[in-house]
Structures are given as C-alpha cells and as structure tokens.
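Spelled out from the first residue to the last, the chains are:
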Amino acid sequence: VFQGIASGKDEVFYINEATIRENKLEREIIHPILKGKDVNEYNIKWSGVYCIYPYDSKTNKVIEESKLKQKYPNVYNYFVDNKANLRGRPYFDNSPKLWYELWCERNLNKFRQVKIVNAEIAPNNRFQIDNDGFLGNTKIFGTVLIKEWENEYLYILGLLNSNVLNFYHKQISVPKAGGFFEYKTQFINLYPIKKVTAKNKFNHDLISDFVQQLLDSKIKLESAKLEKDIDYYDKKCLALNSKINTLVYQLYGLNDDEIKIVEEN
C-alpha cells in the first residue's frame, strides 16, 4: 500500500488539457493523475488533471536541466515562467533536489501496475481497480497485491467494498468531521482478508463473478442516456452489491444478529 505523489506546488505541476495545449507542452513527461474526489466505490471518474513528471521513465531519475531544455523545451520554458513560484519552497534549500523537481515523486513503475486505489478521506469504503496506470496525488493510496494474490483483484475488491470491511474500518480508523474517516496504509494493512480455501471457494468464485458484473454494469450506467436504461442499470448495480454483501457475510461467518449490527451502522 503506497501513497501518491507530493508535488510541493500543485498549482504548477498539476495542469489541465487547456494548459498543455496553450503552452504546447510535450506529453511524454505528462501523465493523468487521480485526486481523492475521483475515486468512488467500484468507480473512477477522472477529473481531467495531469501531472508534469520531469523524470526518466526507466530509471526514475530526474532529467538533468540541459537535457530537459533540449528534449522538452516547452515544458522547460513553462518551468522557467514559474521559477519564482517553484523556488518558493523553503524545504528545497536544504535538499539536493533541482529547482523544478517534485517534492516526493514516488516511482513511476508503481503507478503503472494494476492496483486498487482509494481516497485518503471518505465517508465509507470506496475502492476501485485501476488498470490504466493513473498517478495519484497525496490524497490517493494504491494497493498492489503480492504475487501469491495477483489473480485475486476482483475478489479482494469485493471484500474491500463490502459492508463487513466498511464496518471493520470504522472500528479501527480515525473519525473526521462530517462523518468522514481516514483510509491510510496503517489502517488498510490491518484488514482481515479471508484466504481462499476448498471450503469457501464457492463464495470466492461467486464474489469475483458478481464484482465483474457490477463493474460492467457501472460502465453501462455511466454511458446510459435513456431514463429506463439508467433505472435498469442502477437497480442491477444495487442488486449485485447486495449479493456480494450476502456472500461476504457468509464468508466471515456472521450470524443474523451480527449482520443486523453491521447494517445498522
């Protein structure tokens, strides 16, 4: 589980399509980035924000100034125009970083993996699989499954968004104002994930299948134009979500009284 990029100057590094076109910025070192509000339960709705990432994609080392100026002149000129603003980062004075670097760039290859993303602050568990290699800002956390689990993204996603782990999270996390909670590494790492066994494989397979159906239905709901189609896919998503929760209750061995406690909370 890892946190996203800290730019140190969002207003310079985080840009939109209009800024790219206006300044003719070289897209090779510009990548779409997720903000906390972009991630919801089983859904990513990218807000159109990009991040200028002045690092070599293979080594993750900063591109030296002379090379940046030669290979990406428009990006370089954009940085020069914002030089005074970028140099207004006092913590850079005591670091070896170049004046146009991100404060904490992370490793680009981390973001290029299949991962599950979530917002740092949310009212409930809101996880989604990212297959598109989005970067994330500091309000985004990414979870990459270890090799033993690398084929279990659908199953894990179903558990993470379930009523059971939503309830569990609120017992271990820090409540914030307005009914929000923190979703950071130290909490996500504590989630009790059920391993797949011969005894629960039936539930596991159904959860994975229903999650895939739910993801497909969410896409169709997003693109639906007619009211009857919107209503149909909305109800289908709710029904699939209910089926997943029922299977997760069984997986964790909750009885009727315990299920009632979870659902009332």
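The coordinates are above.
Let me sum up the structure you'll find in this document. Here the structure is a predicted model, which is why all the values come from computation and not from measurement. (Residues numbered from 1 in each chain as written. Predicted model: local features only at pLDDT ≥ 70, side-chain atom pairs only at ≥ 80, totals over all residues. Heavy atoms only, no water.)

### Some details on empty space enclosed by the protein
Selection rule: The distinction between a cavity and a pocket rests on a 1 Å grid over the protein atoms alone: a 1.4 Å probe fits inside a cavity but cannot get out, while a pocket stays open yet meets protein on both sides within 12 Å along at least five of seven lines, and a residue with an atom within 4 Å of a point counts as lining. Grid points are joined across faces, edges and corners, and a volume is the space filled by probe spheres set on the points. Each helix corresponds to a stretch of at least 4 residues labelled H or I by DSSP, and each strand to a stretch of at least 2 residues labelled E; elements are numbered beginning at the N terminus. Gly counts as polar in this scheme, as do all residues outside two lists: the nonpolar Ala, Val, Leu, Ile, Met, Phe, Trp, Tyr, Cys and Pro, and the charged Asp, Glu, Lys and Arg.
Inspection of the entire model under this criterion finds one cavity of 30 Å³ or more. Volume-wise, the largest cavity comes out at about 40 Å³. Considering the residues around the largest cavity, the lining is formed by 14 residues, among which Phe111, Lys115, Val117, Gly136 and Ile140 are closest to the centre. Where the lining of the largest cavity is concerned, the elements lending two or more residues are strand 1 (2-3), strand 7 (115-119), strand 10 (135-136) and strand 11 (140-143). Tallying contributions element by element places strand 11 first for the lining of the largest cavity, with three residues. Looking at the lining of the largest cavity residue by residue, the class counts come to eight nonpolar, four polar and two charged.

### Considerations on the packing of helix 8 (residues 163-172) against helix 12 (residues 256-264)
Convention followed: Lines fitted to the C-alpha atoms define the axes, with helices restricted to the stretch that makes contact. Angles between their N-to-C directions range from 0 to 180 degrees. Angles are sorted into four bins: roughly parallel if under 35 degrees, roughly antiparallel if over 145, roughly perpendicular if 65 to 115, and oblique for all others. With the far helix as reference, a near helix turned anticlockwise by less than a right angle produces a left-handed crossing, and one turned clockwise produces a right-handed crossing. Pairs of residues are marked as contacts when any of their non-hydrogen atoms sit within 4.5 Å.
Where helix 8 meets helix 12, the axes come as close as 9 Å, and the angle between the chain directions of the two elements is 65°. Viewed along their axes, helix 8 and helix 12 adopt a mutual orientation that is roughly perpendicular. For helix 8 against helix 12, the interelement crossing comes out left-handed. Of the residues in helix 12, those touching helix 8 at Asn163, Val164 and Phe167 are Ile261, Val262 and Glu263.

Purely geometric stuff here, so don't read any function into it on its own.
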